[in-house]
Amino acid sequence: MTGLIEPDIERVPADLADTPQWVVWKAVKIKKANGTEKITKVPHDPKNGKKASTKRRENWGSFDQACEAYLLQGYDGMGFVFTPDDPFVGIDLDNCFNEDGSLRADAETAINTVRSFTERSPSGNGLHLSLIHI
């Protein structure tokens, strides 16, 4: 789907890459009740291409499997599945940019406060922050 930001595979921290909690996803447009459209990310198992559940560990794969599926099989993105029993925290910030494209001050404060691996969300309007909690 056009207009999505591609993942920067080279920047993924080793701690996340070494944890086999990865899926790939396809962007699907859905109509909301008010008639507007929203893009949703439908997860797929990187090992077999079937639709995946973020609640079923057997539907997840390694980072390498997700990279291969993303690069060779036409998926729109990759995602890490956060769980209560891993040492990671994920923060999803929406609508982080001003009309001129600059980062909003509150989003910049959040980034500087948590000192995380931060990437722009696929829509380009938000940020994803990932960190190891202590």
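In case you missed it, the structure is sitting above this.
Since this is a predicted model, take the numbers as computed values, not measurements.

### A short note on the packing of aromatic side chains
Logical step 1: What the rule picks out here adds up to four aromatic pairs.
Logical step 2: Among the aromatic side chains, those forming a connected cluster through ring pairs are Trp 22, Phe 63, Phe 80, Phe 82 and Phe 88.
Logical step 3: Directly above the aromatic system of Trp 25 lies the positively charged group of Lys 41, at a separation of 5.5 Å from the ring centroid.
Logical step 4: Cation over ring: Arg 120 sits above Phe 97, and NZ or CZ is 3.7 Å from the ring centre.

### A word on unusual backbone geometry
Logical step 1: One non-glycine residue, Asn 95, lies in positive phi territory at about 50°.
Logical step 2: Position of Asn 95 among the secondary structure elements: in the loop between strand S4 (88–93) and helix H3 (105–114).
Logical step 3: Residue classification places Asn 95 among the exposed positions, given a relative accessible area of 52%.

### Section: the pattern of salt bridges
Logical step 1: For the structure shown, the criterion picks out five salt bridges.
Logical step 2: The closest approach of N and O atoms between Asp 45 and Lys 47, which form a salt bridge, is 3.1 Å.
Logical step 3: With relative accessibility at 43%, the residue Lys 47 sits in the partly exposed group.

### Some remarks on the environment of Leu 4
Logical step 1: As for its placement among the helices and strands, Leu 4 is situated in the segment before helix H1 (14–17).
Logical step 2: Sequence separation of Leu 4 and Asp 76 is 72 residues, and the distance between their C-alpha atoms is 7.8 Å.
Logical step 3: Contacts of Leu 4, omitting those with residues within four sequence positions, involve Trp 25, Ala 27, Ile 39, Asp 76, Pro 122 and Ser 123.

Reading guide: rules and limits
- One numbering rule holds for all chains: residues counted from 1, following each sequence as written.
- Per-residue local features are limited, in this predicted model, to residues with pLDDT of at least 70; the limit for side-chain atom pairs, both in listing and counting, is 80 or more; totals at the level of whole chains, interfaces and linings are taken over all residues.
- No hydrogens and no water enter the side-chain calculation; it runs on all heavy atoms of the structure.
- The pairing test for Phe, Tyr and Trp rings, Trp by its six-membered ring, is centres within 6.5 Å, and the orientation test on the planes gives stacked under 30 degrees, edge-to-face over 60, and tilted for anything in between.
- Only lysine NZ and arginine CZ atoms are considered, and such an atom sits over a ring when it is within 6 Å of the ring centre and within 35 degrees of the ring normal.
- A run of DSSP states H or I qualifies as a helix once it reaches four residues; a run of E qualifies as a strand once it reaches two. Both are numbered from the N-terminal end.
- Summary of the burial criterion: residues with accessible area below 20% of their type's maximum are buried, those above 50% are exposed, and those between are partly exposed, where the area comes from a 1.4 Å probe applied to protein chains only.
- Salt bridge criterion: a side-chain nitrogen from Lys or Arg within 4 Å of a carboxyl oxygen from Asp or Glu.
- A contact between two residues is defined here by any heavy atoms of the two lying within 4.5 Å.

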